[in-house]
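The residues making up each chain are set out below.
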Amino acid sequence: LVYILGYAVFLITAVNYSVVAWATKETSPTTVTLFTTLQPLFAALLLWQLYGSVPTLGQAIGGLLVAMGLLLFLQPSSMVSIPELNFTAEGSMQQPVRSETAKA
């Protein structure tokens, strides 16, 4: 039992942090954070496949909502126009800068 706990705590945690650090270096912290929300969804699907534990209706709806939110985030930025906020060194906010594509 001690060996199993040691394996779960140290090896799996080390692998997880290593993968997160690599992914953050390759993409952005925002993308990595959003993809971590998929962990419970994939854990539930794996549990269903391995042990036949069917997710409840609430869990299924929640998983679909998480996946849909991630898909919305991954849409090309040309489809969603969000003004960029600029802050001065003093912390006050300047007027949003509009790009040429947003003006058209």
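Residues numbered from 1 in each chain as written. Predicted model: local features only at pLDDT ≥ 70, side-chain atom pairs only at ≥ 80, totals over all residues. Heavy atoms only, no water.

Concerning the overall build of the protein chain
Part 1 of the argument: Each helix and strand counted, the protein chain has five helices and two strands in total.
Part 2 of the argument: Tracing the protein chain from N to C terminus, the helices and strands come up as α-α-α-α-β-β-α.
Part 3 of the argument: A burial count over the protein chain gives 7% of its 104 residues as buried.
Part 4 of the argument: Put simply, of all contacts in the protein chain between residues at least 6 apart along the chain, 34% involve residues at least 24 apart.
Part 5 of the argument: With an accessible surface of roughly 8,900 Å², the protein chain has 70% of that area assigned to carbon and sulfur atoms. (Helix = DSSP H or I, 4+ residues; strand = E, 2+ residues; numbered from the N terminus. Buried < 20%, exposed > 50% of the residue type's maximum accessible area, 1.4 Å probe, protein only. Contact = heavy atoms within 4.5 Å. Areas by Shrake-Rupley, 256 points an atom, 1.4 Å probe, with all protein chains shown as cover.)

A word on a nonpolar patch on the surface
Part 1 of the argument: Where nonpolar side chains cluster on the molecular surface, the patch consists of Y7, L11, I12, V15, V19 and W22 and spans about 620 Å² of accessible area.
Part 2 of the argument: Examined against the element boundaries, V19 turns out to sit in helix α1 (residues 2-26). (Patch = residues over 30% accessible without salt bridge, like charges linked within 9 Å, V, L, I, M, F, W, Y side chains within 5 Å. Salt bridge = Lys/Arg side-chain N within 4 Å of Asp/Glu carboxyl O.)

Topic: the confidence of the model for the protein chain
Part 1 of the argument: Put simply, the protein chain has an average pLDDT of 77, and 73% of its residues get 70 or more.
Part 2 of the argument: Here helix α5 (residues 100-103) stands out as the element of the protein chain with the lowest mean pLDDT, 54, in contrast to helix α4 (residues 57-73), whose mean of 87 is the highest. (pLDDT = per-residue confidence, 0-100.)

Thoughts on the environment of V66
Part 1 of the argument: Here V66 shows up in helix α4.
Part 2 of the argument: Take V66: its relative accessible area is 31%, and that puts it in the partly exposed class.
Part 3 of the argument: Sequence separation of V66 and F35 is 31 residues, and the distance between their C-alpha atoms is 9.7 Å.
Part 4 of the argument: Residues contacting V66, with those up to four places away along its chain left out, are T37 and L38.

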